[in-house]
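Chain and residue survey
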Amino acid sequence: MDDLASLIERNENWLIKRILHYAKERGYTKYTSTLEEAWRLSISGLSASLIAGIKQFKSPPDFGPDDDLGNDPLTSFGMLSAQRHRRRGVTLAMFLGLMKYYRQSYMDLLYTDSVPREELDKRSHFLHRCFDRIELAFCQEWAGKNKDAVIRELQTASRFMTNEKNAYLTVFESLSDPVIMLNAQDEIINLNNAAARLIDHQPVPGAHYYHPEKMENPVSPGPSVMTGKVGKLYAGKSVLELFPWLSDVMTNIRNELPSEDRLECQAAVEGGERFFEVRHSAMLDVSEKFTATIITLRDITSHKRARDDREQFLRTMSKKNKELQSIVYVASHDLRSPLVNIHGFSAILDEDCRLLYQSIANSDDAELIEKIGPLIHESIPKSLHFIRAGTIKMQSILDGLLQVSRIGTVKIHIEPLDVNEILGDILDAMNFQIQQQEIEITCDTLPACRGDREQINQVLSNLIDNAMKYRDLRRPGHIHISGWAEIDQSIYCVEDNGIGIPARCQERIFEMFHRLDPNGPVRGEGLGLSIISRILDRNHGRIWLESREGIGSKFFVALPYCRHEQARESVQEDRGSKGKATVKAV
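All residue numbers here refer to positions counted from 1 along the written sequence of the relevant chain. Where local features are concerned, this predicted model is filtered to residues with pLDDT of at least 70; where side-chain atom pairs are given and counted, the filter is 80 or more; whole-chain, interface and lining totals use all residues. Side-chain metrics in this entry use all non-hydrogen atoms of the structure; hydrogen atoms and water are not considered.

**Considerations on unusual backbone geometry**
Spelled out, the test is: Secondary structure elements are defined from DSSP: runs of H or I of at least 4 residues count as helices, runs of E of at least 2 residues count as strands, and each element is numbered from the N terminus. Partly exposed describes any residue whose relative accessible area lies between the buried limit of under 20% and the exposed limit of over 50%, with all areas from a 1.4 Å probe on protein chains only and scaled to the type maximum.
Positive phi outside glycine occurs at I487, with the angle close to 55 degrees. Looking at where I487 falls in the secondary structure, it is placed in the loop between β9 (477–486) and β10 (489–496). For I487, a relative accessible area of 84% gives the class exposed.

Next up, the structure:
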């Protein structure tokens, strides 16, 4: 019989479906559990009892007048089931009737297995005897209780179920999200207090349950209908009669929109206009006696308005940014021409002063030479020098502004990047500068990332260039580039042993036109780190630093992570068979 035990053990789901089929067909589901798990437990318990009986009895179990039915694995399950169902008010006839269909389900299972007729008859006889013994245990347990004991047992079970019912009713009425239950005709079966408040701003929690004498418009078949105040007003009415703003939602539900899809609707309810996120689901009832659709509403009014305000703010900011970029571009373009004129005419004036000085130098008028000579030879040329320096400075600032304004308008292409290959190209391009300044650069193998190739190239180039510019001349320069992956991002670090950044300046280092030492030997307009920050914003990245004055600096860049395999595929697509470049340490 070991094969029979194996057949039962591996067909639990089949048996659940089979007994449900018989229970629905014969009307037993009106009085049975609605959730599949209850049926699973009954099948698993009965199967475990049968398998234990198969292992204990080597031949079909017989029974006699003196048998102790409470001490074998077959009957223990039967006696426990009898106790549980008797407490629920189930009659012995009803219980044994359903048990006959459990027996039939297991008998049907025998015919799904291809075995010889003789073996099939043997298994069938064995199972019939097992079920006979179980049913005898039912009857013995049922008959073993006197009337008073049965009444006390029922009273205890009734109190427990009443408390359980009260707990679930309280939970349903206490839900902050409105819940509406509908039948197949879109008529209201039940709704909780939060849903009732959308129609009546002062509903009484639980009134629909505790005032059955006021019940009107009962809806059946289905779960307990609305009664009392709520039932009087709402039960049996069309959901669209009371909630007309759910029209589009109901259309989608009846068009079999997947239950996981979320819908939004706008409602004019008590207290003003509100917005709801709507979810729907069918009741989890395998018995099919409750066929309600459950609609849950979540108030997203504040979220919706905050989202609308944010979108409006972003649209306004986008418009302002475009206006600002336009102003910067026009101003830079229009200022460039006057600057060129100023620079050009200052050079002409400088040349004219030189010629004029040569002319008066040959004059015999000593007084004229004494008065005009210093002006032409020293004062005016000095002033012109400052004018030309100012125009060059202004030209540099305008170029920087144009570069910053273009960052937000340049179209970018986000793709997997092999950063080792990008870094190799950068070091090759800077090789002369690196050797000239005698700087040692070491590199670890870097993780791949996602970003725009040209812009990430610019970020790393600027960071390495800054590290070389701000080296400490008192010691040999060293730059180390490292990287690692952290969950969903790749981190890169450009570390130097340069002059470092004072703590007081570190918060402002990424601001436009901010320079550590405006009068220092390093030329520039203080736009490099500001440009890097804006580039990383567009590439979904970020930058931060650690620095100690006189020791050196570490600049960290975080970008979205991707696998090296993806980056190599991207490089091969873009560059054919060129392959991966080697990162060089100079």
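**Some points on the sheet that holds β10**
Strand pairing in a sheet takes place through backbone hydrogen bonds and is either antiparallel or parallel in direction. Inclusion rule: Note on pairing: two strands pair once DSSP finds at least 2 bridges between them. As a rule, the C-alpha atoms of each element are fitted with a line to give its axis, helices using only the stretch in contact, and angles between N-to-C directions run from 0 to 180 degrees.
Within the open sheet, the five strands sit side by side as β7-β9-β10-β12-β11. Their pairing is mixed. Of all strands in the sheet, those bounded by a partner on one side alone are β7 (439–443) and β11 (542–548). The average angle at which neighbouring strand axes cross in this sheet is 15 degrees, direction not considered.

**With respect to the pairing of β10**
Where burial is concerned, most of β10 is hidden: seven out of the eight residues are buried. Where β9 lies against β10, eight bridges are found, and the strand directions are antiparallel. Following the sheet pairing, I481 is matched in β10 by V494. Between the end of β9 and the start of β10, which pair antiparallel, lie two residues, with I487 showing a positive phi angle near 55 degrees. Sheet topology note: the β10/strand β12 (residues 552–560) ladder contains eight bridges and is antiparallel. Bridge pairing links V494 to F555 in β12.

**Structural notes on the pairing of strand β4 (residues 272–282)**
The sheet contact formed by strand β3 (residues 263–269) and β4 spans seven bridges and is antiparallel. Bridge pairing links A268 to E273 in β4. Bridge analysis of β4 against strand β5 (residues 293–299) gives seven bridges, and the strand direction is antiparallel. Residue pairing for β5: A282 is matched across the bridge by T293.

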